[in-house]
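One-letter residues, chain by chain:
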Amino acid sequence: LTIANNIAIQSKFPKKVGIFSMEMSMEDIIFRFVCQHTGIPINRLRTGKLRDEEIDIYEEAMKTISNSPILIDDTPSLSIPQLRTKIRKMNENGGINVVFIDQLNLLSANLPYAKEFERINWLSYRLKEISGEFEIPVVIAHQMNRGIESSKDQRDPQLSDLEQAGEKATDKVITIRHKKERGVIINSDLHVLKHRNGSTGVVPIKFVANKIKFENIPT
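Here, residues in each chain are numbered from 1, in the same order as that chain's written sequence. Local features are withheld for residues below a pLDDT of 70 in this predicted model, meaning they are given only at 70 or higher, and side-chain atom pairs are given and counted only at 80 or more; totals for whole chains, interfaces and linings count all residues. Side-chain measures here rest on the full set of heavy atoms in the structure, leaving out hydrogens and waters.

Let us now look at the environment of V99. Strands are runs of DSSP state E lasting at least two residues, helices are runs of H or I lasting at least four, and both sets are numbered from the N terminus onward. With respect to the element layout, V99 can be found in strand β3 (residues 98-102). Measuring from C-alpha to C-alpha, the distance between V99 and I70 comes to 10.0 Å, with 29 residues separating the pair along the chain.

This is the structure we're talking about:
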């Protein structure tokens, strides 16, 4: 959502964004966008307990988001044919520059006898085909194995840590690694684990908790 916000709302040259969320509802996504723009805690946004001085900035944020080139679809358990049809309709209604999918393992695949890693790989290759068909980037959220969170050595993430694979079809894989003290995030890193057309490495970033967003660290 930070990426979508940056390119569709914050940019001087906004791009048209399609978000397919099978994890969160449209309402939750909009709340998070408002939180990113205002810093109002998301719990108070959900309950409507705004302070007098927050009402104007809330209304301004809602106006900005509603006028932005973002299309949100929260249909659960989409199949690949359904996803392709929806993207085609977005293209016909003004075009689309990038698609975000949350998340890979929630997509439906009619492979009743396939193992989970085979299903994930099949889905990732179909999404790569969609990217080529519509000539747009497709950004996919995908879970990592839970074991890395409980790892005592706090090692850096690897491609093999992606849950049930799915990385072979991708052009780029970026993971987020938090370092915490007493359960509080003290710093974060983006690990570029795969980059078909560029270099890999680590990029330090800052997680702004009250806005539920990531920001660059000034250099």
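Alright, that's what it looks like, and here's the rest.
Okay, the packing of aromatic side chains next. Aromatic rings from Phe, Tyr and Trp, taking only the six-membered ring of Trp, are treated as a pair when their centres fall within 6.5 Å; an angle between ring planes under 30 degrees marks them as stacked, one over 60 as edge-to-face, and anything in between as tilted. Going through the model one piece at a time under the given rule, you end up with one aromatic pair. Taken together, a centroid distance of 5.1 Å and an interplanar angle of 50° make the contact between F207 and F214 tilted. Accessible area is worked out with a 1.4 Å probe on protein chains only. A residue is then buried under 20% of its type maximum, exposed over 50%, and partly exposed in between. Classification of F207 by relative accessible area gives partly exposed; the value is 26%.

Compared with an ideal rise of 1.5 Å per residue, which puts 15 residues at 21 Å, helix α4 (residues 52-66) spans 22 Å between its outermost C-alpha atoms and is within 8% of the ideal. By the convention used here, residues are in contact when the closest approach between their heavy atoms is within 4.5 Å. Lining the buried residues of α4 we find α1 (2-10), α2 (26-38) and α3 (42-47). Between the first and last residue of a helix there are one fewer steps than residues, each counted as 1.5 Å, and that sum is the expected span.

Attention now goes to the pairing of strand β6 (residues 184-195). Each regular strand displays side chains that alternate between the two surfaces of the sheet. For two strands to be treated as a pair, DSSP must find no fewer than two bridges joining them. Pairing between strand β5 (residues 172-181) and β6: 10 bridges, direction antiparallel. From the neighbouring strand, E181 faces β6, where its bridge partner is V184. Linking β5 to β6, which pair antiparallel, is a turn of two residues; within it R182 sits at a positive phi near 55°. Across five bridges, the pairing between β6 and strand β7 (residues 201-208) is antiparallel. Residue pairing in the sheet places V192 in a bridge with G201 of β7.

From the geometry alone we can't say anything about function, so treat these as descriptive.
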